[in-house]
Amino acid sequence: MKVFVTGGAGYIGSITATELLNAGHDVIVYDNLSTGHRDAIPEGARFVRGDLGQPKKLARLLAEERPDAVMHFGAASLVPESVANPAKYYRNNVAYTLNLLHAMLETGVNRIVFSSTAAVYGIPKTIPITEETPTNPINPYGESKLMIEWMLRRFDEAYGMRYAILRYFNAAGALPNRGEHHDPETHLIPLVLQVALGQREHIKIFGTDYPTPDGTAIRDYIHVQDLASAHILALEALDEGSRTYNLGNGQGFSVKQVIETARSVTGHPIPAVEAPRRPGDPPILIASSQRIQRELGWRPRFTSLREIIASAWEWHRTHPNGYRR
Ligand code: UDP
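Fair warning: this is a prediction, and the values are worked out from it, not measured in the lab.

Asker: Go over the confidence of the model for the protein with me, naming the residues and quoting the values.
Answerer: Confidence along the protein averages 97 in pLDDT terms, with 100% of residues attaining 70 or more. Taken together, the chains of this predicted complex give a pTM of 0.97 and an interface ipTM of 0.99.

Pasting the structure below:
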C-alpha cells in the first residue's frame with residue numbers, strides 16, 4: 001500500500017515509517033519538522049515538508065499521490081504543555097486533523113490509522129483499562145485526541161471513512177539508529193538516561209503520595225517497535241471495518257521502578273529527588289490489549305521493562321545528542 005504518514009519525522013512516526021518500508025509499503029512523510037527531525041525520516045520515504053495547518057497544500061498533495069491510507073501521527077503530545085497552553089492542542093490536534101480529514105474526503109482517501117492515547121481515559125475507575133472503559137479525559141491533550149476519535153466515528157457513519165484508533169500507553173524504547181529526541185525532553189525514560197549520560201544532575205520524581213505501593217505513578221511502557229507492528233496490522237485490517245484498540249504491554253511500572261531498572265541497565269547511580277505531582281497526571285494507567293491480540297493476532301515482543309530501557313539506553317548512549325549533528 002501507499003501510506004501518507006503525517007508526523008513521520010517524529011519518534012513513533014519515523015519508526016513506524018521504517019517498519020512500513022521494511023514490510024514493502026510505499027511511504028510519503030508529511031511533517032513540518034517543528035518537533036521532528038529530518039534525519040529520523042527513513043531513506044526510501046518521499047519527504048514533503050508541510051504543515052497540517054495548510055489545507056490546500058494537503059489536498060493538492062493527496063490528489064497527486066493518491067495514497068491508499070493515511071497514518072496520522074502529527075500532533076502535539078505533552079500533557080503538561082496542554083494544561084498550560086490548551087489553545088495549541090485544540091488547534092494543532094483538533095482543528096488541523098479536521099483539515100486533514102477534509103482533504104481526505106475531497107480526494108477520496110478513505111482509510112486512516114490514528115494515534116490516540118491512554119489520556120482519553122482520564123482517571124479510570126478500573127484497572128486494567130479496556131476499550132470499554134469510559135472515556136473521561138482530565139487534560140486538554142486527552143480531550144483533543146478524544147474529539148478526533150468522535151470525528152472519526154461520525155466520518156465513518158456519514159462518509160464511509162474507515163479508521164483504526166490506536167490508544168497508546170507510554171511509548172518507550174528505540175531501534176539501534178532511531179529513538180526519542182524531544183527538545184525540551186519531558187518523558188521519564190529519556191530524562192533518566194540523560195542523567196546516566198551526565199547531561200543532567202538528577203531526575204525529579206513527580207509525586208510520591210499516589211495511592212500505589214511505592215507512592216509513585218504507575219504507567220504501562222510499550223516498546224515503540226511493538227507499536228509500529230500494531231500499526232501495520234491495523235492498516236492491513238482496515239477494509240474489514242473500523243476499530244479501536246488499546247496498545248500497552250499489560251504491565252505497570254512505577255516511576256521508582258523505572259529509575260531502579262535504569263540504574264541497573266546503565267550502572268550509573270542516577271540520583272533522584274522528590275518533587276510535587278505534575279498537573280494532569282493520573283496515578284495508574286495499565287492497558288488491557290486483549291482486543292487487538294484476539295482480533296489481529298498482535299503480540300508485544302518486548303515485555304520486560306529491562307529490555308525496553310536497554311534498547312533506549314543503546315540509542316541514547318550511541319546518540320548522546322540525538323539527531324543533532
Ligand atoms: N515523571 C517523573 N519525572 C520526570 C518525568 C516524568 O516523575 O522528570 C513521571 C510522570 O509524572 C508520569 C510518568 O513519569 O507519572 C511518565 O511520564 P511521561 O512524561 O514519560 O509520560 P506520560 O505518562 O505523561 O505520557
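Asker: Before we move on, can you summarise the nonpolar core with the specific residues and values?
Answerer: If you look at the biggest cluster of nonpolar residues, it comprises 93 residues, and the most contacted ones within it are V5, L166, V192 and L247. Top element by residues in this core is helix α7 (residues 224-237). It accounts for seven residues. Discounting chain neighbours no more than four positions away, the residues touching L166 are V113, F114, S115, S116, A230, H231, A234, Y245 and L247.

Asker: A description of the site of the ligand should follow, citing residues and the corresponding values.
Answerer: Lining the immediate environment of the ligand, one finds 15 residues, of which H187, L188, F206, A217 and V255 sit closest. Breaking the shell around the ligand down by element, the ones donating at least two residues are α6 (188-196) and β8 (203-206). A total of four residues in the shell around the ligand trace back to one element, the largest contributor, which is β8. When its residues are assigned to classes, the shell around the ligand shows eight nonpolar, three polar and four charged.

So, how was this worked out
- Residues numbered from 1 in each chain as written.
- Predicted model: local features only at pLDDT ≥ 70, side-chain atom pairs only at ≥ 80, totals over all residues.
- pLDDT = per-residue confidence, 0-100.
- Core = buried A, V, L, I, M, F, W, Y, C linked by C-beta atoms within 7 Å.
- Buried ≥ 20, exposed ≤ 12 C-beta atoms within 10 Å, placed from the backbone.
- Helix = DSSP H or I, 4+ residues; strand = E, 2+ residues; numbered from the N terminus.
- Contact = placed C-beta atoms within 7 Å.
- Near = placed C-beta within 6 Å.
- Nonpolar A, V, L, I, M, F, W, Y, C, P; charged D, E, K, R; others polar.

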